[in-house]
Amino acid sequence: MIQKSSTINDVARLAGVSKRTVSRVINGSLSVGDSTRVRVEKIIAELNYSPNTQARGLASSRSYLLGLIYDNPDALYLDDVQRGVLEICSTLGYELVVHPCRYRSETLVQDCLNFINRSKLDGVIVLPPVSELESLAEALKNAGRPYVRLTSVAIDEPQHIVVSDDRSAAAEMARYFAQLGHQDIAFISGPQRYKSSTERMEGFKLGLSAYGITLKAERVMEGNNTYETGIECARSLLSQTPLPTAIFANNDQMAAGVLKVAHQMGIAIPDQLSVAGFDDNLLASRVIPALTTIRRPVRQMAQLATTKMIMVIEQNDKAAQQVAAKVAPTLVVRESTAQAAKAAAS
């Protein structure tokens, strides 16, 4: 005998709520009280009730699909972002569709709109540097497409952004170097067309200036946030006389490139040269020596952005505004940095 499957009516009856309330719980609505949500979820689990996803989407005029738009060469960063997004999606019943794009493409805005329409997305999360494009944000607003941007500057309304305070974090790294006694410090920046790169450079300069230290022009190189450009910039910096006593790179990938060149040139780290990066991705703790860096809470940012995104989709902008819009990266000290006095004595 075939056992009859449980229905939404069964769940509503046993939980003592309306079908509409059950539907809201299933759809991850944030308008349902915690005690009611727990009661409904308990009945759903007991009945092993599983709503038809297609019917769920049709009933609510939603696809339950979120998009992730990016142009970023750092696979470790993207992995962290996707893990954060998926943790919230799996809890609230959404799926994720990713869309790599070309930041400098003349057709980027239209390509993104085509992706959203083609995939029937409920909303999109946009990663830097694409998130910095005002033309895309404006197009999304005009098209009535919900979005949230990950940025390093508060360039939008709170419900549409999650900001990493990169400027303050870079200033903290500058203070750390200065307190170690470093005076001759070099910096490998990211592309200066990116706000995140300019924020980190300005923050680093500001932090050094508090200790009377100036970042000399010849000690600044611009990379492309890749391991390969970290190597190129390091070769230029470490061919100068005298050598800088410390190098801060715009991200961990480029800092790893510095470690490789220093090893090839027989420059001991941290005895002769201190090296630090930014992000604290998986690479930072696995290179030798382990990398001093700025820990940017990428997964937390992705979780916050996804939570905001779903709130915006549900037209709960007030609640979305109340979700934290700014996170504070923190300094992580490991083996790649040391006192400047030690470097001078070597």
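Everything below is about the structure printed above this text.
Because the structure is predicted, anything quoted here is derived from the model rather than measured.

## Here's the deal with the overall build of the protein chain
- Of the regular secondary structure elements, the protein chain holds 14 helices and twelve strands.
- For the protein chain, the C-alpha atoms occupy an extent of roughly 80 × 40 × 40 Å along the three principal directions.
- Within the protein chain, buried positions represent 54% of all 346 residues.
- Considering only residue pairs separated by 6 or more positions, the protein chain has 72% of its internal contacts joining residues 24 or more positions apart.

## Let's talk about helix 8 (residues 166–179)
- Taking 1.5 Å of rise per residue, 14 residues should cover 20 Å, and helix 8 covers 20 Å from first to last C-alpha, within 8% of that figure.
- Along helix 8, the residues classified as buried are D166, A169, A170, A171, M173, A174, Y176, F177 and A178.
- Note on helix 8: the residue one or two positions beyond its end, G181, has a positive phi of about 95 degrees.

## Things to note about the sheet that holds strand 2 (residues 95–100)
- Pairing in this open sheet of six strands is parallel, and the strands run 2-1-3-4-5-11 from one edge to the other. The outermost strands of the open sheet, each flanked by one partner alone, are strand 2 and strand 11 (326–327).
- The pairing of strand 1 (residues 65–70) with strand 3 (residues 123–126) spans four bridges and is classified as parallel. Within the sheet, the bridge partner assigned to I69 lies in strand 3 and is V126.
- Contacting strand 1, strand 2, strand 3 and strand 4 (147–151), helix 5 (residues 75–92) crosses the sheet at an angle of about 155 degrees to strand 2.
- Most of the contacts of helix 7 (residues 134–142) go to strand 4, to which it runs at about 165 degrees, and overall it touches strand 3 and strand 4.

## Overview of the packing of helix 1 (residues 8–15) against helix 2 (residues 19–26)
- At a closest axis distance of 9 Å, the pairing of helix 1 and helix 2 adopts a crossing angle of 105 degrees. In terms of orientation, helix 1 lies roughly perpendicular with respect to helix 2. Residues I8, N9, V11 and A12 of helix 1 lie in contact with helix 2, whose contacting residues are K19, V22 and S23.
- Here the residues of the contact of helix 1 with helix 2 are counted per class, giving four nonpolar, two polar and one charged.

## Considering the pairing of strand 8 (residues 246–249)
- Alternating positions in strand 8 separate into two faces, A246 and F248 on one and I247 and A249 on the other, with burial throughout.
- In this structure, strand 6 (residues 185–189) lies alongside strand 8, joined through four bridges in parallel fashion. Directly across from F187, in strand 8, lies its bridge partner F248.
- Summarising the sheet, strand 8 and strand 9 (residues 274–276) pair through three bridges and their orientation is parallel. The residue of strand 9 that forms the bridge with F248 is A276.

## A few points about the pattern of salt bridges
- Across all of its chains, the model carries 14 salt bridges by this definition.
- For the salt bridge of D80 with R299, the shortest nitrogen-to-oxygen distance reads 3.3 Å. Of this pair, D80 sits in helix 5 while R299 sits in helix 12 (residues 298–313), placing them 219 residues apart in sequence.
- When its relative accessible area of 22% is taken as the criterion, D80 is described as partly exposed.

## Here we look at the sheet that holds strand 9
- Across the sheet, which stays open at both edges, the four strands sit in the order 7-6-8-9 with parallel pairing between neighbours. The sheet is open, and its two borders are formed by strand 7 (220–222) and strand 9, each paired with just one other strand. The sheet shows a mean angle of 15 degrees between the axes of neighbouring strands, taken without regard to direction.
- On top of the sheet, helix 10 (residues 227–237) reaches strand 6, strand 7 and strand 8; it is set at about 155 degrees to strand 6, its chief contact.
- Docked against the sheet, helix 11 (residues 252–264) engages strand 6, strand 8 and strand 9, running at close to 155 degrees with respect to strand 9.

## Here's the deal with helix 6 (residues 108–119)
- Across its twelve residues, helix 6 extends 16 Å between first and last C-alpha, which sits within 8% of the 16 Å expected from 1.5 Å per residue.
- All of the buried residues along helix 6 are L108, C112, L113, F115, I116 and S119. Taken down its axis, helix 6 places every buried residue within 155 degrees of arc, on the same side.
- Structurally, helix 6 contributes buried residues whose contacts are with strand 1, strand 2, strand 3 and helix 7.
- Two residues or fewer past helix 6, K120 is found with a positive phi of approximately 55 degrees.

## Digging into the side chain of D184
- Position of D184 relative to the elements: it lies in the loop between helix 8 and strand 6.
- Separated by 2.7 Å, the side chains of D184 and R219 make a polar contact.
- Each residue touching D184, except ones within four places of it in the same chain, is listed here: R219, P242, L243, P244, T245 and A246.

The rules behind these values
Residues numbered from 1 in each chain as written. Predicted model: local features only at pLDDT ≥ 70, side-chain atom pairs only at ≥ 80, totals over all residues. Heavy atoms only, no water. Helix = DSSP H or I, 4+ residues; strand = E, 2+ residues; numbered from the N terminus. Buried < 20%, exposed > 50% of the residue type's maximum accessible area, 1.4 Å probe, protein only. Contact = heavy atoms within 4.5 Å. Expected span 1.5 Å × (residues − 1). Pairing = 2+ DSSP bridges. Axes fitted to C-alpha atoms, helices over the stretch in contact; angles between N-to-C directions. Parallel < 35°, antiparallel > 145°, perpendicular 65-115°, else oblique. Nonpolar A, V, L, I, M, F, W, Y, C, P; charged D, E, K, R; others polar. Salt bridge = Lys/Arg side-chain N within 4 Å of Asp/Glu carboxyl O. Arc of directions from axis to C-beta. Polar contact = N/O pair within 3.5 Å; in protein donor to acceptor, adjacent residues only side chain to side chain.

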